[in-house]
Amino acid sequence: MKQTCILILGMHRSGTSALTGMLSLLDFYLGSELMEESIANVKGYFESNSLCRINDKLLYQMDSAWDDVFLDEGKISNVKDKDVDELKNHIKKEFKHSNNFAIKDPRISFLFPVYKRALGELGVHIKIVIPYRHPIEVARSLNRRNNFSYEKGILLWACHILLTEKFSRNYERVFIGYDELMSNSRSVVTLMSEKLHIDFTSKYTKNIKQINEFLEPGLKHHNLPAGDLTEITYKIVRDIFQIQGEFNDSAIIGKFDGLREELFSYRELFYNQEVVSVFSDLKFTKQNLGIAEQNLGIAKQNLGIAKQNLVAAELEIQKRTGEIQKCAEGLQQRTEELEQSKQLLGRKEQLLSQRDQEINAVKDELIAVYASRSWKMTEILRRINGLFK
């Protein structure tokens, strides 16, 4: 059975995650290793981390990025065959056991020709869903999430709408309004079934409770009335938005062509060599400034570490100084005790010398007695006396 892949194209912050989440509840496999939810998307992005990395790599080869306001289609040819093979092999490995699967990443709006080739070589049948949203709502959401100016957000919206429409021609496709998805999902599923020739209704009826719980109105912010054009100050954007009701009508392809040619003609005006050179210089300066700020941050961290080490060293010095002071005081005490012992020893030596002198004097007296005449004359008497004892 031939595999079917639904590619969810369209602008960032336009309900692509909400629609893809609903597709997962309609039994379309989204792959493994999906992005985790965040404050910006509390119920999840339903987007493959690995494919996102591959897509960024492909855009880099095109000297582009996801927020490129004037994509140069000619640079799609910069993508190398080995990178197309990497994409193809990843899709084959990730979805080989799924007859019906979906891939969502707004970057594919710029990369559709690459995906068209990869999926075509795999023999996968491509169908396309393009969620869209009020451009001012998109601009406000991007301003909050990415700090983009409103002008950049609106221009990105126009670029995505027009390029997605051009790239996806000749494929079964359907444009889905974000407001309609959140307020009347049943009509959206009916439209998808009709345009894509896939029976979504039976699964929708079976899982309607989970789908309604998932598509809670609180998920959508920055709301404006669907037809409100008052805040759209740029004619080209207003002209695109005014035909939203006809997006699914193939008869307006001519209008899309005219609007796309008008939008991209501005590139020649604003992206001439001199302006691009200035932007390149500014970008280079900004990059250098970023590197300098990173180096400054590292230097500050190193300085902080050095200060911590210095404080630790000072504390250690204080500790060692205290220990040395205690040792010095102990040494002083021992020195004083030694001096006292020396003095006591000196006195004892003097006393001992005095006793030696006295003993020697007694010895001299005894020698004198023994040598005296009287001692000799009384010797007989001492012996007699000894006999009677």
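In what follows, the structure referred to is the one given above.
Parameters and conventions
- For every chain, the first residue of the written sequence is number 1, and numbering continues from 1 onward in sequence order.
- Local features in this predicted model are restricted to residues whose pLDDT is 70 or higher, and side-chain atom pairs enter the listing and the counts only when it is 80 or higher, whereas totals over whole chains, interfaces and linings include all residues.
- Calculated side-chain values reflect all of the structure's heavy atoms, with hydrogen atoms and water omitted.
- The way it works is that DSSP assigns letters per residue, a run of H or I at least four long becomes a helix, a run of E at least two long becomes a strand, and they are numbered from the N terminus.
- Using C-alpha atoms as the atom set, the radius of gyration is obtained and then compared with a globule rule of 2.2 Å times the number of residues to the power 0.38.
- For every residue, the accessible area (1.4 Å probe, protein chains only) is compared with the maximum for its type, and the residue is labelled buried under 20%, exposed over 50%, or partly exposed between those bounds.
- Here, two residues are considered to be in contact whenever any of their heavy atoms come within 4.5 Å of each other.
- For Phe, Tyr and Trp, rings pair up if their centres lie within 6.5 Å, where Trp contributes its six-membered ring, and each pair is then called stacked (planes under 30 degrees apart), edge-to-face (over 60) or tilted (otherwise).
- Here, a charge over a ring is recorded when the distance from Lys NZ or Arg CZ to the ring centre is within 6 Å and its angle to the ring normal is within 35 degrees.
- By the criterion applied in these results, polar contacts are pairs of N or O atoms within 3.5 Å in which, for protein atoms, one can donate a hydrogen and the other can accept it, and in which residues neighboring in sequence qualify only through two side-chain atoms.
- We call a set of buried Ala, Val, Leu, Ile, Met, Phe, Trp, Tyr and Cys residues a nonpolar core when their side-chain atoms join them within 4.5 Å.
- A fitted line through C-alpha atoms represents every axis, and for helices the fit uses only the stretch in contact; the resulting angles, taken between N-to-C directions, go from 0 to 180 degrees.
- Angular relationships are summarised with four words: roughly parallel below 35 degrees, roughly antiparallel beyond 145, roughly perpendicular across 65 to 115, and oblique for the angles in between.
- With the far helix as reference, a near helix turned anticlockwise by less than a right angle produces a left-handed crossing, and one turned clockwise produces a right-handed crossing.
- Only Asp, Glu, Lys and Arg are considered charged, only Ala, Val, Leu, Ile, Met, Phe, Trp, Tyr, Cys and Pro nonpolar, and every remaining residue, Gly among them, polar.
- Helix span, expected: 1.5 Å multiplied by one less than the number of residues in the helix.

Chemist: Teacher, can you tell me more about the overall build of the chain here?
Modeler: On a plain count of helices and strands, the chain comes out with 15 helices and four strands. On C-alpha atoms alone, the chain measures out to a radius of gyration of 48 Å, which is more than a quarter above the 21 Å that the 2.2 N^0.38 rule sets for 389 residues. Projected onto its principal axes, the C-alpha coordinates of the chain cover approximately 170 × 55 × 45 Å. For the chain, the residues scored as buried account for 37% of the 389 residues in total. Taking all contacts inside the chain whose residues are at least 6 apart in sequence as the whole, residues at least 24 apart take part in 74%.

Chemist: When you look at the packing of aromatic side chains in this model, what are you seeing that I'm missing?
Modeler: Both the distance between ring centres and the angle between the ring planes are used here to describe each pair of aromatic rings. Scanning the model with the defined rule gives 11 aromatic pairs in all. Centroid distance Phe112 to Tyr171: 5.4 Å. Interplanar angle 85 degrees. Geometry classified as edge-to-face. Taken together, the residues Phe112 in helix H4 (residues 108-121) and Tyr171 in the loop between helix H6 (150-167) and strand E4 (172-177) connect sequence positions 59 residues apart. By relative accessible area, Phe112 is classed as buried at 1%. Given the relative accessible area of 25%, Tyr171 is considered partly exposed. Both rings, one in Trp157 and one in Phe241, keep their centres 6.2 Å apart while their planes meet at 65 degrees; by these two values the pair is edge-to-face. Linking Trp157 in helix H6 with Phe241 in helix H11 (residues 235-242), this pair joins segments that are 84 residues apart in sequence. Across the ring face of Phe148, the terminal group of Lys152 is positioned such that the distance to the ring centre comes to 4.1 Å.

Chemist: When you look at the side chain of Arg107 in this model, what are you seeing that I'm missing?
Modeler: Among the structural elements, Arg107 can be located in the loop between strand E2 (100-104) and H4. According to the relative accessible area criterion, Arg107 is buried, its value standing at 12%. One polar contact links Arg107 to Asp56, side chain to side chain, over a distance of 2.9 Å. Not counting residues within four places of it along the chain, the set of residues in contact with Arg107 comprises His12, Glu47, Cys52, Asn55, Asp56, Leu59 and Trp66.

Chemist: Whenever I open this one, the nonpolar core confuses me. Can you help?
Modeler: Side chains of a nonpolar character, in soluble globular proteins, are inclined to be buried together. Leu7, Leu87, Ile103, Tyr115, Trp157, Ile240 and Phe247 are the most contacted members of the largest nonpolar core, which totals 61 residues. Sorting elements by how many residues they give to this core places H6 first, with nine residues. Not counting residues up to four positions away in its chain, the partners in contact with Trp157 are Met11, Arg133, Pro135, Val138, Val237, Ile240 and Phe241. Of all hydrophobic cores here, the second largest spans 27 residues; its members include Leu30, Met182, Leu196 and Phe200.

Chemist: What's the story with the packing of helix H5 (residues 135-146) against H6 in this structure? I'm lost.
Modeler: The relative placement of two packed helices is expressed as an angle between their axes plus a distance between the axes. Contact geometry of H5 with H6 gives a least axis separation of 8 Å together with a crossing angle of 125 degrees. With respect to each other, H5 and H6 are oriented oblique. For the pair H5 and H6, the crossing hand works out as right-handed. Counted together, Pro135, Ile136, Val138, Ala139, Arg140, Leu142 and Asn143 of H5 and Tyr150, Gly153, Ile154, Leu156 and Trp157 of H6 form the full contact between these two elements. Partitioned by chemical class, the residues of the contact of H5 with H6 number nine nonpolar, two polar and one charged.

Chemist: Looking at this structure, how should I read H5?
Modeler: Note: α-helices contain 3.6 residues per turn, so residues at a spacing of three or four share the same orientation. In this model, H5 (12 residues) spans 16 Å end to end at C-alpha, consistent with the 16 Å of a helix rising 1.5 Å per residue. Those residues of H5 not exposed but buried are Pro135, Ile136, Glu137, Val138, Ala139, Ser141 and Leu142. Where H5 is buried, its residues touch H6 and H11. With its phi angle positive at about 65 degrees, Asn147 sits one or two positions after the end of H5.

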